[in-house]
Amino acid sequence: MKTKKVIVGLSGGVDSAVAAYVLREQGYDVHAVFMINWHDTTGLLSGGCENDEDQKVAELVAKQLDIPFEKVDFSEIYAKKVVDYMFSEYEKGRTPNPDVLCNREIKFDVFLDKAMELNADFVATGHYCRKETITTNDKTYYRLLAGSDNNKDQSYFLCQLSQSQLEKALFPIGDVEKPEVRRIADEISLINAKKKDSQGICFVGKVDLPTFLQQQLKAQTGDIIKIPETHPQYNVSEPTGNAEIDLLKHQSRPYIYKPEDGEKVGEHDGAHFFTIGQRKGLGIGGMKQPPFVIETDTINNIIYIGEGKKHPGLFRKGLFISKEELHWIRPDLELKTGEVLETDARIRYRQPLQKAKLHMKTNAAYLIFDEKQRGITSGQFAAFYIGDELIGSGVIA
RNA sequence: UGACCGAUUGUGUAAUGGUAGCACGACAGGUUUUGAUCCUGUUAGUCAAGGUUCGAAUCCUUGUCGGUCAG
(Lines give C-alpha, C1' and ligand atoms only; values in the text may rest on other atoms or scores of the structure.)
Protein backbone atom coordinates (compact mmCIF):
# COMPACT_ATOMS: atom_id res chain seq x y z
CA MET A 1 0.00 0.00 0.00
CA LYS A 2 1.23 3.42 -0.99
CA THR A 3 2.30 5.66 1.87
CA LYS A 4 -0.15 8.47 2.44
CA LYS A 5 0.99 11.98 1.78
CA VAL A 6 0.21 14.63 4.39
CA ILE A 7 0.75 18.33 4.22
CA VAL A 8 1.30 19.94 7.58
CA GLY A 9 0.58 23.59 8.12
CA LEU A 10 3.78 24.50 9.86
CA SER A 11 3.36 27.76 11.74
CA GLY A 12 6.67 28.13 13.49
CA GLY A 13 5.07 27.11 16.77
CA VAL A 14 5.86 24.02 18.73
CA ASP A 15 2.51 22.32 18.24
CA SER A 16 2.57 22.05 14.46
CA ALA A 17 6.25 21.10 14.61
CA VAL A 18 5.56 18.16 16.88
CA ALA A 19 2.51 17.30 14.78
CA ALA A 20 4.79 16.99 11.77
CA TYR A 21 7.23 14.87 13.74
CA VAL A 22 4.51 12.54 14.99
CA LEU A 23 3.22 12.00 11.45
CA ARG A 24 6.68 11.30 10.17
CA GLU A 25 7.17 8.72 12.92
CA GLN A 26 3.85 7.16 11.97
CA GLY A 27 5.21 6.60 8.48
CA TYR A 28 3.41 9.27 6.50
CA ASP A 29 5.05 11.08 3.64
CA VAL A 30 5.15 14.45 5.36
CA HIS A 31 5.50 17.80 3.62
CA ALA A 32 5.43 21.16 5.33
CA VAL A 33 3.80 24.33 4.10
CA PHE A 34 4.04 27.72 5.74
CA MET A 35 1.13 30.03 5.13
CA ILE A 36 1.65 33.74 4.76
CA ASN A 37 -1.74 35.30 5.26
CA TRP A 38 -1.07 38.78 6.48
CA HIS A 39 1.51 41.48 5.87
CA ASP A 40 0.16 44.64 7.45
CA THR A 41 1.39 45.51 10.93
CA THR A 42 -1.12 48.23 11.80
CA GLY A 43 -2.00 48.14 15.47
CA LEU A 44 0.34 45.26 16.11
CA LEU A 45 1.68 45.06 19.63
CA SER A 46 5.10 43.66 20.45
CA GLY A 47 7.28 44.74 17.58
CA GLY A 48 5.93 43.21 14.41
CA CYS A 49 8.61 41.10 12.79
CA GLU A 50 7.30 37.91 14.35
CA ASN A 51 5.95 36.81 11.03
CA ASP A 52 9.40 36.71 9.47
CA GLU A 53 10.68 35.03 12.58
CA ASP A 54 7.98 32.35 12.41
CA GLN A 55 8.77 31.78 8.78
CA LYS A 56 12.44 31.15 9.49
CA VAL A 57 11.68 28.93 12.45
CA ALA A 58 9.24 26.86 10.41
CA GLU A 59 11.82 26.42 7.68
CA LEU A 60 14.44 25.35 10.19
CA VAL A 61 12.08 22.91 11.83
CA ALA A 62 11.35 21.36 8.45
CA LYS A 63 15.06 21.03 7.94
CA GLN A 64 15.49 19.43 11.36
CA LEU A 65 12.75 16.95 10.58
CA ASP A 66 14.13 16.46 7.10
CA ILE A 67 10.85 17.13 5.36
CA PRO A 68 10.21 19.22 2.25
CA PHE A 69 9.21 22.81 2.94
CA GLU A 70 7.46 25.48 0.97
CA LYS A 71 5.55 28.68 1.48
CA VAL A 72 2.23 29.80 0.14
CA ASP A 73 0.69 33.25 0.26
CA PHE A 74 -3.04 33.38 0.90
CA SER A 75 -3.06 36.94 2.13
CA GLU A 76 -5.41 38.15 -0.56
CA ILE A 77 -8.07 35.60 0.23
CA TYR A 78 -7.44 35.91 3.95
CA ALA A 79 -8.13 39.63 3.76
CA LYS A 80 -11.31 38.94 1.87
CA LYS A 81 -12.68 36.05 3.88
CA VAL A 82 -11.47 36.80 7.37
CA VAL A 83 -10.56 40.46 7.74
CA ASP A 84 -13.49 41.80 5.74
CA TYR A 85 -15.78 39.61 7.79
CA MET A 86 -14.27 41.09 10.95
CA PHE A 87 -14.89 44.63 9.87
CA SER A 88 -18.40 43.94 8.67
CA GLU A 89 -19.30 42.19 11.92
CA TYR A 90 -17.90 44.98 14.05
CA GLU A 91 -19.74 47.46 11.89
CA LYS A 92 -22.99 45.62 12.63
CA GLY A 93 -22.23 45.88 16.31
CA ARG A 94 -21.38 42.21 16.66
CA THR A 95 -18.16 40.72 17.98
CA PRO A 96 -16.68 38.32 15.44
CA ASN A 97 -14.43 35.36 15.97
CA PRO A 98 -11.86 35.58 13.17
CA ASP A 99 -10.07 32.37 14.08
CA VAL A 100 -13.16 30.24 13.62
CA LEU A 101 -13.50 31.76 10.17
CA CYS A 102 -9.81 31.34 9.47
CA ASN A 103 -10.13 27.62 10.02
CA ARG A 104 -13.25 27.28 7.93
CA GLU A 105 -12.14 29.53 5.07
CA ILE A 106 -8.38 29.27 5.00
CA LYS A 107 -6.75 26.33 6.74
CA PHE A 108 -9.43 23.84 5.84
CA ASP A 109 -10.45 25.42 2.58
CA VAL A 110 -7.92 27.13 0.34
CA PHE A 111 -5.03 25.51 2.15
CA LEU A 112 -6.71 22.13 1.93
CA ASP A 113 -7.38 22.67 -1.77
CA LYS A 114 -3.74 23.56 -2.28
CA ALA A 115 -2.74 20.36 -0.51
CA MET A 116 -5.01 18.33 -2.75
CA GLU A 117 -3.43 20.00 -5.77
CA LEU A 118 -0.13 18.75 -4.48
CA ASN A 119 -1.57 15.26 -4.42
CA ALA A 120 -1.81 15.04 -0.67
CA ASP A 121 -4.19 12.65 1.00
CA PHE A 122 -4.56 14.79 4.10
CA VAL A 123 -3.76 18.10 5.67
CA ALA A 124 -2.63 18.23 9.29
CA THR A 125 -2.46 20.98 11.88
CA GLY A 126 -1.27 21.34 15.43
CA HIS A 127 -4.77 21.74 16.86
CA TYR A 128 -5.56 20.10 20.16
CA CYS A 129 -8.55 18.07 19.04
CA ARG A 130 -9.22 14.57 17.75
CA LYS A 131 -11.00 13.02 14.82
CA GLU A 132 -12.79 9.72 14.77
CA THR A 133 -14.55 7.82 12.02
CA ILE A 134 -17.81 5.99 12.55
CA THR A 135 -20.23 4.24 10.25
CA THR A 136 -23.97 4.39 10.68
CA ASN A 137 -26.47 3.10 8.13
CA ASP A 138 -23.61 2.33 5.76
CA LYS A 139 -22.57 5.95 5.85
CA THR A 140 -19.24 7.15 7.14
CA TYR A 141 -19.16 10.10 9.46
CA TYR A 142 -16.26 11.99 10.93
CA ARG A 143 -16.49 12.99 14.54
CA LEU A 144 -14.70 16.06 15.88
CA LEU A 145 -13.65 15.37 19.45
CA ALA A 146 -12.14 17.52 22.14
CA GLY A 147 -8.40 17.27 22.61
CA SER A 148 -7.24 14.98 25.38
CA ASP A 149 -5.62 17.89 27.13
CA ASN A 150 -8.68 19.38 28.73
CA ASN A 151 -6.81 22.59 29.37
CA LYS A 152 -5.84 23.11 25.73
CA ASP A 153 -8.82 21.70 23.86
CA GLN A 154 -9.14 23.71 20.63
CA SER A 155 -12.10 21.96 19.07
CA TYR A 156 -14.09 25.16 19.60
CA PHE A 157 -12.11 26.91 16.88
CA LEU A 158 -13.08 24.17 14.44
CA CYS A 159 -16.78 24.39 15.20
CA GLN A 160 -17.62 25.47 11.66
CA LEU A 161 -15.94 22.61 9.82
CA SER A 162 -17.90 20.30 7.56
CA GLN A 163 -17.70 16.57 6.96
CA SER A 164 -15.77 17.02 3.73
CA GLN A 165 -13.25 19.24 5.48
CA LEU A 166 -12.87 16.84 8.39
CA GLU A 167 -12.48 13.94 6.02
CA LYS A 168 -9.16 15.33 4.84
CA ALA A 169 -7.91 16.53 8.22
CA LEU A 170 -5.49 15.00 10.67
CA PHE A 171 -4.81 16.22 14.18
CA PRO A 172 -1.67 14.35 15.21
CA ILE A 173 -1.30 15.86 18.68
CA GLY A 174 -4.95 15.77 19.70
CA ASP A 175 -4.37 12.90 22.07
CA VAL A 176 -1.23 14.37 23.55
CA GLU A 177 -1.11 16.84 26.40
CA LYS A 178 0.70 20.12 25.99
CA PRO A 179 3.52 19.40 28.46
CA GLU A 180 4.18 16.17 26.59
CA VAL A 181 4.32 18.08 23.30
CA ARG A 182 6.94 20.34 24.85
CA ARG A 183 8.81 17.33 26.14
CA ILE A 184 8.87 15.64 22.75
CA ALA A 185 10.03 18.85 21.11
CA ASP A 186 12.79 19.11 23.65
CA GLU A 187 13.74 15.47 23.31
CA ILE A 188 14.26 15.77 19.57
CA SER A 189 15.87 19.19 20.01
CA LEU A 190 13.44 21.19 17.92
CA ILE A 191 14.61 24.76 17.88
CA ASN A 192 11.20 26.03 18.93
CA ALA A 193 10.82 23.61 21.85
CA LYS A 194 10.69 26.47 24.30
CA LYS A 195 9.07 29.04 22.06
CA LYS A 196 6.21 30.89 23.67
CA ASP A 197 2.74 29.96 22.46
CA SER A 198 1.30 32.40 19.98
CA GLN A 199 -1.68 34.51 20.88
CA GLY A 200 -3.99 36.95 19.25
CA ILE A 201 -5.63 36.66 15.88
CA CYS A 202 -4.19 33.78 13.94
CA PHE A 203 -1.72 35.08 11.29
CA VAL A 204 -2.29 38.68 12.28
CA GLY A 205 -1.03 38.51 15.85
CA LYS A 206 -1.78 40.36 19.01
CA VAL A 207 -3.23 43.69 17.97
CA ASP A 208 -4.69 46.64 19.75
CA LEU A 209 -8.23 46.23 18.50
CA PRO A 210 -9.30 49.89 18.50
CA THR A 211 -6.20 50.81 16.51
CA PHE A 212 -6.70 47.94 14.11
CA LEU A 213 -10.38 48.68 13.61
CA GLN A 214 -9.82 52.36 13.09
CA GLN A 215 -8.41 51.53 9.71
CA GLN A 216 -12.00 51.23 8.57
CA LEU A 217 -14.28 52.20 11.43
CA LYS A 218 -13.97 55.78 12.44
CA ALA A 219 -13.76 56.86 16.05
CA GLN A 220 -16.65 58.92 17.29
CA THR A 221 -17.40 60.20 20.78
CA GLY A 222 -20.49 58.81 22.46
CA ASP A 223 -22.02 58.45 25.89
CA ILE A 224 -21.45 55.80 28.50
CA ILE A 225 -24.66 55.16 30.43
CA LYS A 226 -24.71 53.33 33.73
CA ILE A 227 -27.69 51.07 34.25
CA PRO A 228 -28.75 50.31 37.84
CA GLU A 229 -29.09 46.69 38.81
CA THR A 230 -32.68 47.37 39.68
CA HIS A 231 -33.64 47.94 36.06
CA PRO A 232 -37.15 46.49 35.69
CA GLN A 233 -36.09 44.54 32.63
CA TYR A 234 -34.26 42.07 34.84
CA ASN A 235 -37.38 41.12 36.75
CA VAL A 236 -39.89 40.58 34.00
CA SER A 237 -41.73 37.42 34.92
CA GLU A 238 -41.83 34.57 32.47
CA PRO A 239 -44.80 34.45 30.13
CA THR A 240 -47.47 32.22 31.53
CA GLY A 241 -49.24 31.21 28.35
CA ASN A 242 -48.91 27.71 27.02
CA ALA A 243 -46.92 28.66 23.95
CA GLU A 244 -43.47 27.25 24.46
CA ILE A 245 -42.00 29.59 21.88
CA ASP A 246 -42.91 32.60 24.00
CA LEU A 247 -41.00 31.18 26.93
CA LEU A 248 -37.97 30.43 24.73
CA LYS A 249 -38.02 33.90 23.28
CA HIS A 250 -38.25 35.35 26.74
CA GLN A 251 -35.39 33.30 28.11
CA SER A 252 -33.10 34.07 25.19
CA ARG A 253 -33.96 37.73 24.77
CA PRO A 254 -31.17 40.28 24.71
CA TYR A 255 -31.56 43.23 27.03
CA ILE A 256 -32.47 46.50 25.37
CA TYR A 257 -31.68 49.82 26.96
CA LYS A 258 -32.45 53.46 26.40
CA PRO A 259 -30.33 56.38 27.58
CA GLU A 260 -33.11 57.37 30.04
CA ASP A 261 -32.72 54.01 31.78
CA GLY A 262 -29.57 55.15 33.50
CA GLU A 263 -27.24 58.06 34.01
CA LYS A 264 -24.37 59.28 31.91
CA VAL A 265 -21.10 58.52 33.61
CA GLY A 266 -18.59 59.14 30.88
CA GLU A 267 -17.73 59.11 27.21
CA HIS A 268 -16.12 56.66 24.84
CA ASP A 269 -14.78 57.06 21.35
CA GLY A 270 -16.65 54.41 19.46
CA ALA A 271 -19.19 51.85 20.69
CA HIS A 272 -18.00 49.21 18.25
CA PHE A 273 -14.59 49.12 19.91
CA PHE A 274 -16.21 47.52 22.95
CA THR A 275 -17.85 44.19 23.62
CA ILE A 276 -20.20 42.82 26.24
CA GLY A 277 -18.48 41.83 29.46
CA GLN A 278 -15.54 44.13 28.85
CA ARG A 279 -14.01 45.97 31.79
CA LYS A 280 -10.84 47.59 30.50
CA GLY A 281 -10.71 50.75 28.46
CA LEU A 282 -13.80 52.50 29.79
CA GLY A 283 -11.70 54.89 31.85
CA ILE A 284 -14.38 55.31 34.48
CA GLY A 285 -13.23 55.42 38.08
CA GLY A 286 -14.79 56.21 41.39
CA MET A 287 -17.03 53.19 41.67
CA LYS A 288 -16.95 50.67 44.48
CA GLN A 289 -16.86 47.80 42.04
CA PRO A 290 -15.48 47.73 38.51
CA PRO A 291 -17.84 48.59 35.68
CA PHE A 292 -18.51 46.14 32.86
CA VAL A 293 -20.04 46.71 29.46
CA ILE A 294 -23.52 45.16 29.42
CA GLU A 295 -24.59 46.32 25.98
CA THR A 296 -23.32 48.32 23.06
CA ASP A 297 -25.63 50.26 20.78
CA THR A 298 -23.58 50.93 17.67
CA ILE A 299 -26.44 52.64 15.87
CA ASN A 300 -26.77 55.40 18.45
CA ASN A 301 -23.14 55.00 19.54
CA ILE A 302 -23.95 54.37 23.20
CA ILE A 303 -22.31 52.01 25.64
CA TYR A 304 -24.31 50.72 28.60
CA ILE A 305 -22.45 49.56 31.66
CA GLY A 306 -23.29 47.92 34.96
CA GLU A 307 -21.38 48.12 38.20
CA GLY A 308 -19.88 44.95 39.55
CA LYS A 309 -19.16 41.53 38.12
CA LYS A 310 -22.52 40.25 39.37
CA HIS A 311 -24.64 42.91 37.69
CA PRO A 312 -27.76 41.20 36.33
CA GLY A 313 -27.26 42.80 32.93
CA LEU A 314 -24.24 40.57 32.40
CA PHE A 315 -26.22 37.37 32.70
CA ARG A 316 -28.70 35.67 30.45
CA LYS A 317 -30.47 32.36 30.59
CA GLY A 318 -30.24 31.68 26.90
CA LEU A 319 -29.52 32.78 23.38
CA PHE A 320 -30.82 32.13 19.91
CA ILE A 321 -29.34 31.40 16.55
CA SER A 322 -31.11 32.07 13.29
CA LYS A 323 -31.58 29.04 11.11
CA GLU A 324 -29.24 30.30 8.39
CA GLU A 325 -26.44 30.67 10.90
CA LEU A 326 -26.69 27.18 12.31
CA HIS A 327 -24.09 24.66 11.29
CA TRP A 328 -24.00 20.92 11.85
CA ILE A 329 -20.69 19.15 11.84
CA ARG A 330 -22.72 15.98 12.07
CA PRO A 331 -25.54 16.40 9.56
CA ASP A 332 -27.00 13.09 10.69
CA LEU A 333 -27.57 14.60 14.12
CA GLU A 334 -29.22 17.76 12.84
CA LEU A 335 -32.28 18.64 14.88
CA LYS A 336 -35.62 18.74 13.16
CA THR A 337 -38.10 21.49 13.91
CA GLY A 338 -39.69 20.85 17.26
CA GLU A 339 -36.89 18.65 18.59
CA VAL A 340 -34.89 19.35 21.71
CA LEU A 341 -31.31 18.30 22.38
CA GLU A 342 -29.73 17.96 25.80
CA THR A 343 -26.28 19.30 25.15
CA ASP A 344 -23.13 20.65 26.69
CA ALA A 345 -22.29 23.99 25.19
CA ARG A 346 -19.73 26.72 25.32
CA ILE A 347 -19.86 30.28 24.06
CA ARG A 348 -16.14 31.01 24.06
CA TYR A 349 -12.82 29.25 23.82
CA ARG A 350 -11.74 27.44 26.98
CA GLN A 351 -15.04 27.95 28.73
CA PRO A 352 -15.98 24.85 30.72
CA LEU A 353 -18.89 23.09 29.04
CA GLN A 354 -22.29 24.20 30.26
CA LYS A 355 -25.41 22.07 30.48
CA ALA A 356 -28.08 23.36 28.16
CA LYS A 357 -31.05 22.43 26.02
CA LEU A 358 -31.13 23.27 22.35
CA HIS A 359 -34.67 23.80 21.07
CA MET A 360 -35.11 23.70 17.32
CA LYS A 361 -37.97 25.85 16.09
CA THR A 362 -39.14 26.97 12.67
CA ASN A 363 -36.89 29.96 12.20
CA ALA A 364 -34.27 29.63 14.88
CA ALA A 365 -32.64 27.44 17.46
CA TYR A 366 -32.88 28.46 21.10
CA LEU A 367 -30.11 27.46 23.45
CA ILE A 368 -31.29 27.60 27.05
CA PHE A 369 -28.70 27.03 29.74
CA ASP A 370 -29.27 25.40 33.10
CA GLU A 371 -27.21 28.17 34.67
CA LYS A 372 -27.33 31.78 33.55
CA GLN A 373 -24.37 32.66 31.38
CA ARG A 374 -22.13 35.67 31.66
CA GLY A 375 -21.33 37.79 28.64
CA ILE A 376 -23.43 36.25 25.91
CA THR A 377 -22.26 38.26 22.92
CA SER A 378 -23.78 38.39 19.48
CA GLY A 379 -21.40 37.45 16.71
CA GLN A 380 -19.58 34.91 18.81
CA PHE A 381 -20.08 31.20 18.21
CA ALA A 382 -22.02 28.87 20.45
CA ALA A 383 -20.75 25.30 20.09
CA PHE A 384 -22.78 22.23 20.99
CA TYR A 385 -21.20 19.09 22.33
CA ILE A 386 -22.46 15.65 23.17
CA GLY A 387 -19.92 14.34 25.61
CA ASP A 388 -16.61 15.27 24.08
CA GLU A 389 -17.89 15.42 20.53
CA LEU A 390 -18.53 18.77 18.91
CA ILE A 391 -21.60 18.26 16.74
CA GLY A 392 -22.58 21.75 15.68
CA SER A 393 -22.42 25.46 16.21
CA GLY A 394 -23.99 28.74 15.31
CA VAL A 395 -23.55 32.47 15.46
CA ILE A 396 -25.20 34.05 18.48
CA ALA A 397 -27.86 36.46 17.24
C1' U B 1 -23.53 90.57 48.95
C1' G B 2 -24.10 87.92 54.10
C1' A B 3 -24.07 83.13 56.68
C1' C B 4 -22.88 78.11 56.76
C1' C B 5 -20.49 73.73 54.74
C1' G B 6 -16.69 71.64 51.96
C1' A B 7 -11.72 71.02 49.26
C1' U B 8 -7.05 64.33 50.26
C1' U B 9 -3.58 60.62 43.62
C1' G B 10 -7.22 60.82 37.20
C1' U B 11 -12.21 59.53 40.01
C1' G B 12 -14.93 58.15 44.68
C1' U B 13 -13.53 57.98 49.55
C1' A B 14 -10.65 56.71 54.73
C1' A B 15 -7.35 58.68 58.31
C1' U B 16 -9.81 64.27 64.85
C1' G B 17 -2.42 66.19 66.36
C1' G B 18 1.84 60.99 65.58
C1' U B 19 3.84 55.83 59.27
C1' A B 20 -1.60 59.44 54.34
C1' G B 21 -4.79 53.91 53.43
C1' C B 22 -8.78 51.52 50.34
C1' A B 23 -11.72 50.96 45.86
C1' C B 24 -12.13 52.24 40.81
C1' G B 25 -9.14 53.99 36.69
C1' A B 26 -4.50 54.14 34.03
C1' C B 27 0.06 51.62 32.98
C1' A B 28 3.17 47.11 32.89
C1' G B 29 3.73 41.91 33.17
C1' G B 30 1.22 36.82 33.34
C1' U B 31 -2.79 33.39 31.49
C1' U B 32 -5.34 32.85 26.56
C1' U B 33 -4.40 30.74 18.63
C1' U B 34 -11.12 35.45 18.65
C1' G B 35 -13.19 39.61 21.28
C1' A B 36 -13.41 39.49 26.46
C1' U B 37 -12.70 37.73 31.30
C1' C B 38 -9.05 36.50 35.07
C1' C B 39 -4.18 36.87 38.03
C1' U B 40 0.23 39.77 39.67
C1' G B 41 2.72 44.28 40.07
C1' U B 42 3.40 49.63 39.40
C1' U B 43 1.59 54.47 39.41
C1' A B 44 -0.02 58.95 41.59
C1' G B 45 -2.62 62.98 46.43
C1' U B 46 -3.44 66.41 51.49
C1' C B 47 -6.27 73.72 47.17
C1' A B 48 -2.56 78.13 48.11
C1' A B 49 0.17 81.23 51.54
C1' G B 50 1.21 82.10 56.47
C1' G B 51 0.85 80.69 61.79
C1' U B 52 0.50 77.34 66.52
C1' U B 53 3.27 72.65 67.75
C1' C B 54 8.72 68.34 68.98
C1' G B 55 5.19 66.89 65.19
C1' A B 56 -0.49 69.42 61.06
C1' A B 57 -4.64 66.34 56.02
C1' U B 58 -6.38 67.30 61.05
C1' C B 59 -5.96 73.42 65.10
C1' C B 60 -5.79 79.13 63.81
C1' U B 61 -5.67 83.34 59.95
C1' U B 62 -6.10 84.97 55.02
C1' G B 63 -6.96 83.86 50.05
C1' U B 64 -8.88 80.76 45.85
C1' C B 65 -12.51 77.44 44.13
C1' G B 66 -17.15 74.57 44.77
C1' G B 67 -21.93 73.74 47.20
C1' U B 68 -26.30 75.05 50.40
C1' C B 69 -29.25 78.65 52.60
C1' A B 70 -30.32 83.97 52.98
C1' G B 71 -31.62 87.95 49.35
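Everything here concerns the structure above.
Residues numbered from 1 in each chain as written. Chains lettered and ligands numbered in written order. Predicted model: local features only at pLDDT ≥ 70, side-chain atom pairs only at ≥ 80, totals over all residues. Heavy atoms only, no water.

Examining the packing of aromatic side chains
Under the criterion given, the structure shown has 12 aromatic pairs. Their ring planes at 45° and their centres at 6.1 Å tell us that Trp328 and Phe384 sit as a pair that is tilted. With Trp328 in strand S13 (residues 326-328) and Phe384 in strand S17 (residues 381-386), the pair connects residues that are 56 residues apart, well separated along the chain. Classification of Trp328 as buried rests on a relative accessible area of 10%. Geometry around Phe292 places Arg374 over its ring, the cationic atom sitting 4.8 Å from the centre. (Phe/Tyr/Trp six-rings, centres within 6.5 Å; stacked < 30°, edge-to-face > 60°. Helix = DSSP H or I, 4+ residues; strand = E, 2+ residues; numbered from the N terminus. Buried < 20%, exposed > 50% of the residue type's maximum accessible area, 1.4 Å probe, protein only. Lys NZ or Arg CZ within 6 Å of the ring centre and 35° of its normal.)

Considerations on the environment of Asp84
With respect to the helices and strands, the residue Asp84 is situated in helix H3 (residues 75-91). Considered as a pair, Asp84 and Gly126 are 42 residues apart in the sequence and their alpha carbons are 26 Å apart.

So, helix H1 (residues 14-25)
Relative to the 16 Å expected for 12 residues at 1.5 Å per residue, H1 spans 16 Å between its end C-alpha atoms, a close match to the ideal helical length. A large share of H1 lies buried, amounting to 10 of its 12 residues. Residues of H1 that are buried include every one of Val14, Asp15, Ser16, Ala17, Val18, Ala19, Ala20, Tyr21, Val22 and Leu23, and no others. Note on H1: the residue one or two positions beyond its end, Gly27, has a positive phi of about 95°. (Expected span 1.5 Å × (residues − 1).)

Section: the protein's contact with RNA strand B
Among the 41 residues in the neighbourhood of RNA strand B, the closest are listed as His127, Gln199, Gly200, Lys288 and Tyr349. Close to the protein, within 4 Å, the atoms of RNA strand B are drawn from sugar and phosphate at a rate of 65%. In this structure, a sugar or linking oxygen belonging to RNA strand B sits 3.5 Å away from a side-chain N or O atom of Tyr90. Every element with two or more residues in the surface near RNA strand B is listed here: helix H4 (98-117) and strand S10 (291-297). Counting residues per element, the surface near RNA strand B draws most heavily on H4, at 3 residues. Tallied by class, residues from the surface near RNA strand B come to 14 nonpolar, 16 polar and 11 charged. (Near = heavy atom within 4 Å. Polar contact = N/O pair within 3.5 Å; in protein donor to acceptor, adjacent residues only side chain to side chain. Nonpolar A, V, L, I, M, F, W, Y, C, P; charged D, E, K, R; others polar.)

Let's talk about the sheet that holds strand S11 (residues 302-307)
Strand order in this open sheet of 4 strands is S9-S8-S11-S10, and the pairing throughout is mixed. Lying at the two open borders of the sheet, with one neighbouring strand each, are strand S9 (263-268) and S10. Going from strand to strand, the sheet's axes swing by 30° on average, the running direction of each strand aside. Bridging between S10 and S11 involves 6 bridges; their strand directions are antiparallel. Its bridge partner lying in S11, Phe292 is registered against Gly306. (Pairing = 2+ DSSP bridges. Axes fitted to C-alpha atoms, helices over the stretch in contact; angles between N-to-C directions.)

Digging into the pattern of salt bridges
The final tally for this structure, using the stated rule, is 26 salt bridges. The shortest N-O distance in the salt bridge between Asp388 and Arg130 comes to 2.9 Å. Placement of Asp388 in the loop between S17 and strand S18 (389-395) and of Arg130 in strand S5 (residues 129-136) is noted, with a sequence separation of 258 residues between them. (Salt bridge = Lys/Arg side-chain N within 4 Å of Asp/Glu carboxyl O.)

Some words on unusual backbone geometry
At Asn119, a position not held by glycine, the phi torsion is positive, near 65°. Mapped onto the elements, Asn119 comes out in the loop between H4 and strand S4 (122-124). Phi at Asn137 is positive, roughly 50°, even though this residue is not glycine. In this structure, Asn137 sits in the loop between S5 and strand S6 (139-146). Judged by its relative accessible area of 76%, Asn137 is exposed.

Focus on the side chain of Asn37
Tracing the backbone through its elements, the reader meets Asn37 in the loop between strand S2 (29-36) and helix H2 (50-65). Not counting the four nearest positions on each side in its chain, Asn37 is found in contact with Phe74, Ser75, Tyr78, Ile106 and Phe203. (Contact = heavy atoms within 4.5 Å.)

Section: helix H6 (residues 178-187)
Helical geometry: 3.6 residues make up each α-helical turn, so side chains three or four residues apart lie on a common side. Listed in full, the buried residues belonging to H6 are Lys178, Val181, Ile184 and Ala185. The buried residues of H6 occupy an angular sector of 115° when projected down its axis, which confines them to one face. Across H6 from its buried face, at more than 90 degrees, point the exposed residues Pro179 and Glu187. Packing partners of the buried residues in H6 comprise H1. Just downstream of H6, Ser189 is the residue with a positive phi angle, here 60°. (Arc of directions from axis to C-beta.)

Notes on the packing of H3 against H4
Running from N to C, H3 and H4 cross one another at 160°; their axes reach a closest spacing of 9 Å. On the basis of the axis angle, H3 is roughly antiparallel to H4. As H3 runs across H4, the sense of the crossing is right-handed. Judged by residue contacts, Ile77, Tyr78, Lys81, Val82, Tyr85 and Met86 of H3 engage Pro98, Leu101, Cys102, Glu105, Ile106 and Val110 from H4. Looking at the contact of H3 with H4 residue by residue, the classes come out as 10 nonpolar, no polar and 2 charged. (Parallel < 35°, antiparallel > 145°, perpendicular 65-115°, else oblique. Left-handed = near helix turned anticlockwise from the far one by under 90°.)

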